[in-house]
Amino acid sequence: MSTTNGFTSVWSDLATLPFEQGYLEAGGYRTRYLHAGDRSKPTLLMLHGITGHAEAYVRNLRSHSEHFSCWALDFIGHGYSTKPEHPLEINHYVDQILSVMDELGVQKAYFTGESLGGWVTARIAAQHPDRVEKIVLNTMAGTMANPAVMERLYNLSMEAAKDPSWERVEARLQWLMADPTMVTADLIKTRQAIFQQPDWEMACRMNMVLQQMDVRQRNMLTDDELRSIQVPAMVLWTTKDPSGPVDEGRRIASLIPNAQLAVMENCGHWPQYEDTATFDRLHLNFLLGA
């Protein structure tokens, strides 16, 4: 993390790091990516949360690219990837990620997913274990359907989609953080540019369908599905996660046969960004461990 007088910058996190930004055409979708690390190294796919984007991982690329070929992706309906004009459910994201892997010529990858990214990761691990080495489920969505949380997230997201003002984008980002000062002008501007795209309000409606109870329930991860995951897993939770308590992370870890639980203090829904040093240490110890 680069800090000067309390100011943090997405670009400063990337400025001296060899990386590339680009687009892949795969499975009928255009997927935007940030890539760092030699492509001969094992592949690590980094998957963001709902209404998020690849920059969720800018602070983790440097340390992880020493060991992995890192691909931080924009889901369809998010960031600068294709924005389909139909409701997006978990199978659509799964199809996108598998298509990206095929386009890259990657048979098996390591996965780390935050929130929605964890939901997609768990579904891939359950349905396509032959494509997965290890998984990290970071404040994962898909096991809870709390109406108050869903309504709050929907309202903050749609308000910012309809009116991507500085204040509304800032409010959406602050939902992610235990420490609101982590939401800097640079981060707000990065997300505001995405939310100001002409098709963003439509895209937000399409990805927000997972906050509708009937749609969410038919996409949720069942206990039996979690029990079926055989690959090594780390369930990472935080003490100030706005989506659910540490007990939910503990429950998830107890269901996955080869899982361990890691708990980070004083972080919200973006621990990889809020406390990069702790996250990277826990994360790499797991991914690189025997």
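All values derive from a computational prediction rather than experimental measurement.

**Q** Go over the overall build of the protein chain, please, and point to the residues and values.
**A** Broken down by element type, the protein chain carries 13 helices and 10 strands. Its C-alpha atoms give the protein chain a radius of gyration of 17 Å, within 12% of the compact-globule value 19 Å for 290 residues. For the C-alpha atoms alone, the extent of the protein chain along its principal axes is close to 45 × 45 × 40 Å. Residues classed as buried in the protein chain amount to 60% of the 290 residues present. Of the contacts made within the protein chain by residues no fewer than 6 positions apart, 72% connect residues no fewer than 24 positions apart. Total accessible area on the protein chain is roughly 11200 Å²; 48% of this is exposed by carbon and sulfur atoms. Put simply, the protein chain has 25 plus and 35 minus side-chain charges, and the middle of one group is 1 Å from the middle of the other.

**Q** Can you explain the nonpolar core? Please cite residues and give values.
**A** Membership of the largest hydrophobic core comes to 100 residues, with the highest contact counts inside it found for Tyr93, Ile97, Phe111, Leu116, Val120, Ile135 and Ile229. With residues up to four places along the chain from it excluded, the contact list for Val120 reads Leu47, Phe75, Ile90, Tyr93, Val94 and Ile97.

**Q** Any details on the pairing of strand S10 (residues 259-264)? Residues and values, ideally.
**A** Summarising the sheet, strand S9 (residues 233-238) and S10 pair through six bridges and their orientation is parallel. Pairing of Leu236 across the sheet is with Ala262, part of S10. In this view, the connection linking S9 to its parallel neighbour S10 by way of helix H11 (residues 246-255) has right-handed handedness.

**Q** For the packing of aromatic side chains, give the residues involved together with the corresponding values.
**A** This model, assessed by the stated rule, comprises six aromatic pairs. Centre to centre, the rings of Phe75 and Tyr93 are 4.9 Å apart; their planes meet at 50°, and the pair counts as tilted. With Phe75 in the loop between strand S6 (69-73) and helix H3 (90-104) and Tyr93 in helix H3, this residue pair connects regions lying 18 residues apart in the sequence. On the basis of relative accessibility, which here comes to 1%, the residue Phe75 falls in the buried class. With a centroid separation of 5.2 Å and an interplanar angle of 55°, the aromatic rings of Trp270 and Tyr273 are classed as tilted. Residues Trp270 and Tyr273 agree in their burial class; the two are buried. Arg30 extends its terminal NZ or CZ atom over the ring of Tyr23, reaching a point 3.6 Å from the ring centre. Over the ring of Tyr273 we find Arg59, and its NZ or CZ is 3.6 Å from the ring centre.

**Q** A description of the pattern of salt bridges should follow, citing residues and the corresponding values.
**A** Two side chains with opposite charge may pair up if their charged atoms get near one another. Using the criterion set out here, one finds 15 salt bridges in the structure. A salt bridge links Arg131 to Asp102; its shortest N-O distance comes to 3.0 Å. Placement of Arg131 in the loop between helix H4 (116-127) and strand S8 (132-138) and of Asp102 in helix H3 is noted, with a sequence separation of 29 residues between them. Among the ionic pairs, Asp224 bridges to Arg227, the shortest N-O distance being 2.7 Å.

**Q** Mind laying out the pairing of S6, listing which residues take part and the relevant values?
**A** S6 sits mainly inside the fold: five of its five residues count as buried. Going residue by residue along S6, you find Ser69, Trp71 and Leu73 tucked away on one face and Cys70 and Ala72 tucked away on the opposite face as well. With four bridges joining them, strand S4 (residues 29-36) and S6 adopt antiparallel strand pairing. Considered in S6, the bridge of Leu34 is made with Ala72. Sheet analysis places strand S5 (residues 43-47) next to S6, joined by five bridges and oriented parallel. Across the sheet, the residue bridging to Leu44 is Cys70, located in S6.

**Q** Summarise the environment of Pro198; cite the residues concerned and give the values.
**A** Of note, Pro198 is situated in the loop between helix H7 (185-195) and helix H8 (200-207). Under the relative-accessibility criterion, Pro198 is labelled exposed at 88%. As for Pro198 and Met158, which are separated by 40 residues in sequence, their C-alpha atoms are 14 Å apart.

**Q** Account for the sheet that holds strand S7 (residues 109-114), naming residues and giving values.
**A** The eight strands lie next to each other as S3-S4-S6-S5-S7-S8-S9-S10, forming an open sheet whose pairing is mixed. Two strands bound the open sheet, and with one partner strand each, they are strand S3 (19-26) and S10. Across the sheet, the mean angle from the axis of one strand to that of its neighbour is 20°, orientation sign disregarded. Taken strand by strand, H3 contacts S3, S4, S5, S6 and S7, and its axis lies near 110° from that of S3. Lying on the sheet, H4 is in contact with S5, S7 and S8; it crosses S7 at an angle near 145°.

Thresholds, definitions, all that
All residue numbers refer to positions counted from 1 along the written sequence of the respective chain. The model is predicted, so local features are restricted to residues of pLDDT at least 70 and side-chain atom pairs to those at 80 or more, both for listing and for counting; the totals for chains, interfaces and linings are taken over all residues. In computing side-chain properties, one takes all heavy atoms of the structure into account and sets aside hydrogens as well as water. A run of H or I in DSSP becomes a helix once it reaches four residues, and a run of E becomes a strand once it reaches two; helices and strands are each numbered from the N terminus. For the radius of gyration, the atom set is restricted to C-alpha positions; the globular benchmark scales as 2.2 Å times the number of residues to the power 0.38. Between buried and exposed lies partly exposed: a residue is buried under 20% and exposed over 50% of the maximum accessible area for its type, with that area taken using a 1.4 Å probe on protein chains only. Any two residues whose heavy atoms approach within 4.5 Å are treated as being in contact. Note on areas: these come from Shrake-Rupley sampling with a 1.4 Å probe, and a residue is covered only by the protein chains present in the view. His is not counted here, nor are the chain ends, while Lys and Arg score as positive and Asp and Glu score as negative. One atom stands in for each charge, and that atom is NZ of Lys, CZ of Arg, CG of Asp or CD of Glu. Nonpolar cores are built from buried Ala, Val, Leu, Ile, Met, Phe, Trp, Tyr and Cys residues. Side-chain atoms within 4.5 Å join them into one set. Following DSSP output, two strands are said to pair if at least two bridges run between them. Viewed with both strands pointing away, a crossover whose connecting path from the first strand over the helix to the second turns clockwise is right-handed. Planes of paired rings set the category: under 30 degrees apart is stacked, over 60 is edge-to-face and the rest tilted, where pairs are Phe, Tyr or Trp rings (Trp by its six-membered ring) whose centres lie within 6.5 Å. In this analysis the charged atom, NZ for Lys or CZ for Arg, is taken to sit over a ring once it is within 6 Å of the ring centre and within 35 degrees of the ring normal. By salt bridge we mean one thing: a side-chain nitrogen of Lys or Arg within 4 Å of a carboxyl oxygen of Asp or Glu. A fitted line through C-alpha atoms serves as each axis, taken over the contacting stretch for helices, and the angle formed by two N-to-C directions is quoted from 0 to 180°.

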